[in-house]
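# Breakdown of the fold
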Amino acid sequence: MIDDWKSRIEKAQQNLIQEEDPVAWVSERDAMERFLRYPSLSVRGALFGVAVHRDGAWRLVSPLRDATPQGSRDSLHSMLWFRAKDDTDVPTERRELLDAVAVLEKEPIDEVEVLGERFRVVRGDELARSGQEGLEPPRPTDVEPLLRSWELSRQRSPSPDLGFVLDPARENRPMAEALRLWLREFTYDGERYPDEVSADSEQAVRTHPEVVLMPTTFGVVEKRGAVWEPQGSLMTTPHDARAFLYGALNELWPMIYEFDDKKRKRYARAAEEFRTLGRADELTFDGRLFHICRTERMVRVGPDGPEKPRPSDVDDTEPMKMHPTMDEYGVIHYDA
């Protein structure tokens, strides 16, 4: 095991040297500096997405960001229904797709095979670094969008997950490779986790011993007491997370929580002050503390591919019919 670690790190170092890319060297320096400032790494929760086995590899076809396995099953359900509707005119192909949809309407299954491809609900973990200064914010070398819009309704940066190959042998830079190798033995332990969660975590190390590091994501978190609670979903870039916080203060929360005019104006002023700061990663306002958090994600992989949901993973919804009935000729029956 030690020799394996050593050879992988040495290979990553050689690859970095051969790149001759000054940006890569600066990014690696940032990674080392942040490791020292934020040495603790903790699980923020499980995440789920959908992958397909195609051309000998597992690729994500929906982002790894759903909070529950059923959320990703529903994504797969819709994906196959729209594929039957829009992507084929062959009745036998459409029927095979619709048969898979019919199963997903009734059963909480995590894998289906259709038209020669295996679709799987995959499980990952969201991780955050922390230190004496709190949670790790974005790094100076994290990529930002070329056009930085603050409008809540604008199109966010596309997810880097789509098409991402879940291959543990993919090349990483030295600090990322060191993290990946360390995470192979990572388990849920401590009093905060129920026994079944810890047991499933330990089992996963044996059944899915390899780790794939996913592209970094960013989100808004709010400190409540001793814990940080996420506000909104994971974003592709730091600016996307900042723009979400701006829009939430200015538009979303006043609408959802029906603020009175006085409170609405107070939140709008805070939003504009935050926006004028440009790249601020923290906002204290109205007794609340918001932080732009940088998060790592990982997916475990075993001999048969990426890990499926664990028995201890919790769902808050059940399978259901999500789309109208379609026949193999593409005719939609709204009254069926």
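Use the structure listed above.
What you see is a predicted model; the values in this text were computed from it and never measured.

On to the layout of surface pockets, then. Its boundaries defined by the atoms lining it, the largest pocket holds a volume of some 1,100 Å³. Residue lining of the largest pocket: 35 residues in total, with Arg139, Ala176, Thr216, Arg294 and Glu296 positioned closest to the centre. Looking at the lining of the largest pocket, the elements with two or more residues in it are helix H2 (22-37), helix H5 (174-183) and strand S10 (288-302). Tallied by class, residues from the lining of the largest pocket come to 19 nonpolar, six polar and ten charged. Volume-wise, the second largest pocket comes out at about 820 Å³. Lining the second largest pocket we find 35 residues, and of these Val43, Arg44, Gly45, Ala46 and Glu126 sit closest to its centre.

If you check helix H8 (residues 261-276), its first and last C-alpha atoms are 23 Å apart, about what 16 residues at 1.5 Å a residue would give, namely 22 Å. Listed as buried for H8 are Tyr267, Ala270, Ala271 and Phe274. Down the axis of H8, the sector holding all buried residues measures 100°, keeping them to one side. Opposite the packed face of H8, turned more than 90 degrees from it, sit the exposed residues Asp261, Lys262, Lys265, Arg269, Glu273 and Thr276. Those residues of H8 that are buried lie in contact with helix H7 (238-256), strand S9 (282-285) and S10.

As a further point, take the pairing of S9. In S9, alternate side chains face the same way, and those of Leu283 and Phe285 are buried while those of Glu282 and Thr284 on the opposite face are not. Here S9 runs beside S10; their pairing, made up of four bridges, is antiparallel. Bridged to Thr284 within S10 is Leu289. Hairpin connection, S9 to S10: the antiparallel pair is bridged by two residues, and Asp286 has positive phi, about 55°.

This part is about empty space enclosed by the protein. Throughout the structure, instances matching the rule amount to two cavities of 30 Å³ or more. What the second largest cavity holds in volume is close to 30 Å³. The wall of the second largest cavity is formed by Asp125, Phe186, Tyr188, Ser201, Ala204, Met298, Arg300 and Arg310. Looking at the lining of the second largest cavity, the elements with two or more residues in it are helix H6 (195-207) and S10. Partitioned by chemical class, the residues of the lining of the second largest cavity number four nonpolar, one polar and three charged.

Here we come to the side chain of Arg120. Along the polypeptide, Arg120 turns up in strand S4 (residues 117-131). Assessed through its relative accessible area of 1%, Arg120 is described here as buried. Within the structure, Arg120 has its side chain in polar contact with the side chain of Asp304 (distance 2.9 Å). Residues in contact with Arg120, not counting those within four places in the same chain, are Gly49, Val50, Ala51, Trp58, Asp110, Glu111, Asp304, Gly305, Pro306 and Lys308.

Another point: the environment of Arg173. When you line up the elements, Arg173 lands in the loop between strand S5 (134-135) and H5. Spatially, the C-alpha atoms of Arg173 and Glu28 are 7.4 Å apart, while their sequence positions differ by 145 residues.

A word on H6. Between its first and last C-alpha atoms H6 spans 18 Å; for 13 residues at 1.5 Å apiece the expected length is 18 Å, and the two agree. Of all the positions in H6, only Val197, Ser198, Asp200, Ser201, Ala204 and Val205 are classed as buried. Here the buried residues of H6 occupy an arc of 160° about the axis, which is enough to place them on one side. Exposed side of H6, more than 90 degrees from the buried face: Asp195 and Arg206 are the residues found there.

Calculation notes
Residues numbered from 1 in each chain as written. Predicted model: local features only at pLDDT ≥ 70, side-chain atom pairs only at ≥ 80, totals over all residues. Heavy atoms only, no water. 1 Å grid on protein atoms, 1.4 Å probe; cavity = no way out; pocket = protein on both sides within 12 Å on 5 of 7 lines; lining within 4 Å. Points joined across faces, edges and corners; volume = space filled by probe spheres on them. Helix = DSSP H or I, 4+ residues; strand = E, 2+ residues; numbered from the N terminus. Nonpolar A, V, L, I, M, F, W, Y, C, P; charged D, E, K, R; others polar. Expected span 1.5 Å × (residues − 1). Buried < 20%, exposed > 50% of the residue type's maximum accessible area, 1.4 Å probe, protein only. Arc of directions from axis to C-beta. Contact = heavy atoms within 4.5 Å. Pairing = 2+ DSSP bridges. Polar contact = N/O pair within 3.5 Å; in protein donor to acceptor, adjacent residues only side chain to side chain.

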